[in-house]
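One letter stands for each residue in the lines below.
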Amino acid sequence: MIAYWVLSAEDGRREELSWIEKKKAYGFDINPDPSVKGYKMTLVADPQRPIIVKKVGDAVRAVGIIDGRPAVLEKMFIKASDGLTGPKVEYLELHGKDLQTGGKCYQKIVPK
């Protein structure tokens, strides 16, 4: 897993996150977890919401809870603002596919 900026307003190139961006808003930890036969990922922006990353057939899936339901995570957006000590997360948006119904799911999370 790699987190990076896509500089769309410029030339579309990728740029690494700074140390403070990783520690305050956009970073994550990912570690092997035999109990899920994959990896457990924890987001800095929402450490109480683990994401399980594992191989299913020929694909790799990220699975978590979106709007109270198990779902495949398809896209995530983190909105943060600049602060004196670095970025501050304003909200996260999670987009996915419900594992039980196959329907789209969405949740906006505002950290406390």
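Residues numbered from 1 in each chain as written. Predicted model: local features only at pLDDT ≥ 70, side-chain atom pairs only at ≥ 80, totals over all residues. Heavy atoms only, no water.

Engineer: What's the story with the environment of Leu7 in this structure? I'm lost.
Structural biologist: With respect to the secondary-structure elements, Leu7 resides in the loop between strand E1 (4-6) and strand E2 (14-16). Ignoring sequence-local partners within four residues, the contact set of Leu7 consists of Gly12, Arg13 and Glu15. (Helix = DSSP H or I, 4+ residues; strand = E, 2+ residues; numbered from the N terminus. Contact = heavy atoms within 4.5 Å.)

Engineer: Even after reading the chapter, I still don't get a nonpolar patch on the surface, so can you show me in this structure?
Structural biologist: A contiguous nonpolar surface patch, about 310 Å² in accessible area, is contributed by Ile2, Tyr4 and Val6. Within the secondary structure, Ile2 is located in the segment before E1. (Patch = residues over 30% accessible without salt bridge, like charges linked within 9 Å, V, L, I, M, F, W, Y side chains within 5 Å. Areas by Shrake-Rupley, 256 points an atom, 1.4 Å probe, with all protein chains shown as cover. Salt bridge = Lys/Arg side-chain N within 4 Å of Asp/Glu carboxyl O.)

Engineer: Even after reading the chapter, I still don't get the side chain of Asp98, so can you show me in this structure?
Structural biologist: Structurally, Asp98 can be placed in strand E8 (residues 86-98). Polar contacts involving the side chain of Asp98 include one to the main-chain amide nitrogen of Thr101, which spans 3.0 Å. If near-sequence neighbours (up to four positions away) are discounted, Asp98 is found in contact with Arg69, Pro70, Ala71, Gly103 and Cys105. (Polar contact = N/O pair within 3.5 Å; in protein donor to acceptor, adjacent residues only side chain to side chain.)

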